[in-house]
Structures are given as C-alpha cells and as structure tokens.
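Residue-level listing of the chains:
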Amino acid sequence: MSSTEEFLAWDIRESGPADAAHRVLLLPGALCSTAFYDDMVAEPVLATAPVRLVAATVPGFAGTEAPQDVSMENYAALAGALAAERGCDVVVGHSFGANIALEMAAGGHFAGRLVLLSPTFSRPDEFKELAVADRLGQLPGIGSLTWSALVRLTPRAMAKSLPEAHRDMLVAELKKNDAAFCRRSVRHYFDYLDHHGSLVPRLRDSGAQAWVVRGDRDEIGLTDEERAALEASPGVTLVTIPDATHMVMTDQPAQVAELLAQVVLG
C-alpha cells in the first residue's frame, strides 16, 4: 500500500441519516462534480433508505482544489482514506471515479463492495478523442491550446445528453474545469492504463465484490476478451442498463438507484 498524501480539501455533499448502518462513497467522473449524482440520490429507494450517501468530487475537477500527486494510485489512496474516515462500506464510482474505486480495491485501500459505473479497462476502450487530446497535450504549445479548446467545448458538447431539468446547472459545473489540471491528470491516467494493459485481472485479483454497470449505448468500449474475463470472475457481476449511455446515472437514475439499494441493503 502506498503512502497517502495529506489532503483535506474534499468537496463533499452528504445525505441520508447520520446514524445509518451503511455509508456509501460516491465518486463522480472526470470533469464532473457531486451534482451529477443528485437525481440518483433523490430517488425514493435511496432517499428513504437507512443509508448515508457521501458524494465527493474527485479533487481537481469542477474547479476544486487538486492534490499535488494526480496519479491514479494517489487518488485511490486519498479516496481510501476518505472512505475509512467516513465509515463507508460501499464505493460507487462513475467513469474516472470508477477507475479510482477499482484501484482502491486493487491497491489495498478499500475492502468493501464496489459499484463501477462505466469504468475503462484498457486504453483501446477509452474515448478516441480523449486519447488524441492526450497525445497532442504532450506537444509544446499545441498541448495547452488543445486542452483549452477541449475544456471550453466539452460543456456544450455534453449539454444535450444531460437531463433537461438540471442541464444549465450541470453545464455550469463542467465549465469550472481548469485545462492545465485536466491535461496533467489525463496524462497520468493514460500512463496508468498503459502500465497495466488491462485492468480486468487487477479487479479480479483484488478479490473485491464488484458490480460493473454499463449503459446499453455506452460509448466506452468493452472487448469480447474483457467481457469474458469479467464474466468468469467470481466476485464480479455485469449489469446492463437499458436506454443509457456512458452517463448512466443521469440517463437512468431510478435504475441505478435501485441497483445500489440492492447492493447496500441486500
């Protein structure tokens, strides 16, 4: 287990009974904040359950303070320390947050159950545009311009895929992101993927009980080999959410909330 950087600047939003028997850490994806879990958290099956929900923006995204070390390994250590401090026995992560949750288990920072919403298991699975931006981001001059444009254009590109009732608020959260930080964190993220090649064995060998949840129209890939290996892993359950994209918890908050309630309460 790697040492944990001292970090106290978490942006946290909590809901549910303070004395609940179960506590769940919710980690949003890259560029996103805790607000992206609001619809899911508000679903009656969770809002009335004896469960404390601890939503925490991944430090550095959506304008929050970043840690000194933005490697996936350090993020996992930081999130593991937060989960321990808040007494969480389940971690839910979306996208980048799901990969942090996976590494929390694989790196020995968390021993509870995982709900992984659209994680990426290898570089080929990831958005091609993100991989291109990462490559361009390593070039002097062009790199900073590429990321400035990407961070500026992403909120507009994502707007139509967000729930209409909260679209303006969620777009405003996306606009808070800093291009230089995103460029740096994504570089470390791809280094992490390249180092492991595939994260399926890392999840399997962690021994964690994990639910891997994907929308039926998820833009993140999953190869046949990865799917077969996940299906053969005794602790892993694959779940497909109908009529959902990569943003599964905003597309179908009720279905994701129902699954989470089943995982937490049995």
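Structure shown above.
Residues numbered from 1 in each chain as written. Predicted model: local features only at pLDDT ≥ 70, side-chain atom pairs only at ≥ 80, totals over all residues. Heavy atoms only, no water.

A.B. asks: Please set out the overall build of the chain residue by residue, giving values where relevant.
C.D. replies: Along the chain, the regular secondary structure elements total 12 helices and 7 strands. The C-alpha radius of gyration computed for the chain amounts to 17 Å, which stays within 12% of the reference 18 Å derived for 266 residues, consistent with globular compactness. Every one of the 266 residues in the chain was classed for burial, and the buried ones make up 54%. The contacts in the chain between residues at least 6 apart in sequence include a share of 77% that link residues at least 24 apart. (Helix = DSSP H or I, 4+ residues; strand = E, 2+ residues; numbered from the N terminus. Rg over C-alpha atoms; globule rule 2.2 N^0.38 Å. Buried < 20%, exposed > 50% of the residue type's maximum accessible area, 1.4 Å probe, protein only. Contact = heavy atoms within 4.5 Å.)

A.B. asks: Would you mind going over the environment of L162 in detail, with residue names and values included?
C.D. replies: Summarising the element assignment, L162 is placed in the loop between α6 (142-158) and α7 (167-174). Here L162 falls in the buried class, since its relative accessible area comes to 2%. Taking the C-alpha atoms as reference points, L162 and Y192, separated by 30 residues in sequence, lie 29 Å from one another. The contact partners of L162, leaving out residues within four places of it in the chain, are F36, R167, L170, V171, L174 and M247.

A.B. asks: Can you tell me about the packing of helix α4 (residues 96-106) against helix α8 (residues 179-196), naming the residues and giving the values?
C.D. replies: Packing of α4 against α8 brings their axes to within 13 Å, and their N-to-C directions diverge by 50 degrees. Classed by the angle they form, the pair α4 and α8 counts as oblique. Relative to α8, α4 is oriented so that their crossing is left-handed. Counting all contacts with α4, which are made through F96, N99, L102 and E103, the residues of α8 involved are Y189, Y192 and L193. Classifying every residue of the contact of α4 with α8 by side-chain character gives 5 nonpolar, 1 polar and 1 charged. (Axes fitted to C-alpha atoms, helices over the stretch in contact; angles between N-to-C directions. Parallel < 35°, antiparallel > 145°, perpendicular 65-115°, else oblique. Left-handed = near helix turned anticlockwise from the far one by under 90°. Nonpolar A, V, L, I, M, F, W, Y, C, P; charged D, E, K, R; others polar.)

A.B. asks: Report on the state of the cysteines, specifying residues and quantitative values.
C.D. replies: What the rule picks out here adds up to 0 disulfides. We note that C32 lacks a disulfide partner, and the nearest cysteine sulfur, in C182, lies 10 Å from it. Here C32 falls in the buried class, since its relative accessible area comes to 2%. Sulfur of C88: no disulfide; nearest cysteine sulfur belongs to C32 and is 20 Å away. Here C88 falls in the buried class, since its relative accessible area comes to 10%. (Disulfide = S-S within 2.5 Å.)

A.B. asks: Which residues make up the nonpolar core, and what are the values?
C.D. replies: Core analysis: the largest hydrophobic core is formed by 89 residues, its most contacted members being L25, L26, M40, M104, L114, L203 and L260. Those residues within four positions of L260 in sequence are excluded, and the remaining contacts are V24, L26, M40, L46, L53, V90, V92 and V115. (Core = buried A, V, L, I, M, F, W, Y, C linked by side-chain atoms within 4.5 Å.)

A.B. asks: Describe a nonpolar patch on the surface, listing the residues and the values that go with them.
C.D. replies: On the surface, V132, L136, L139 and I142 cluster together into a nonpolar patch covering about 290 Å² of accessible area. When you line up the elements, L136 lands in helix α5 (residues 128-137). By relative accessible area, L136 is classed as partly exposed at 32%. (Patch = residues over 30% accessible without salt bridge, like charges linked within 9 Å, V, L, I, M, F, W, Y side chains within 5 Å. Areas by Shrake-Rupley, 256 points an atom, 1.4 Å probe, with all protein chains shown as cover. Salt bridge = Lys/Arg side-chain N within 4 Å of Asp/Glu carboxyl O.)

A.B. asks: Can you explain the pattern of salt bridges? Please cite residues and give values.
C.D. replies: Within this structure, the stated rule accounts for 12 salt bridges. Salt-bridge contacts for D191 lead to R187; the nearest nitrogen and oxygen are separated by 2.6 Å. With D191 and R187 both in helix α8, this residue pair falls 4 residues apart, about one helical turn. A residue is classified by how much of its surface remains accessible, and D191, at 35% relative accessible area, is partly exposed. Two residues, R217 and D243, come together in a salt bridge whose shortest N-O distance is 2.9 Å. With a gap of 26 residues between them, R217 in the loop between β6 (210-215) and α10 (224-231) and D243 in the loop between β7 (236-241) and α11 (248-251) connect regions that are remote in the sequence. For R217, a relative accessible area of 46% translates into the label partly exposed. Residue classification places D243 among the partly exposed positions, given a relative accessible area of 47%. Each of E14, R52, E85 and R86 takes part in a single network of salt bridges with overlapping partners.

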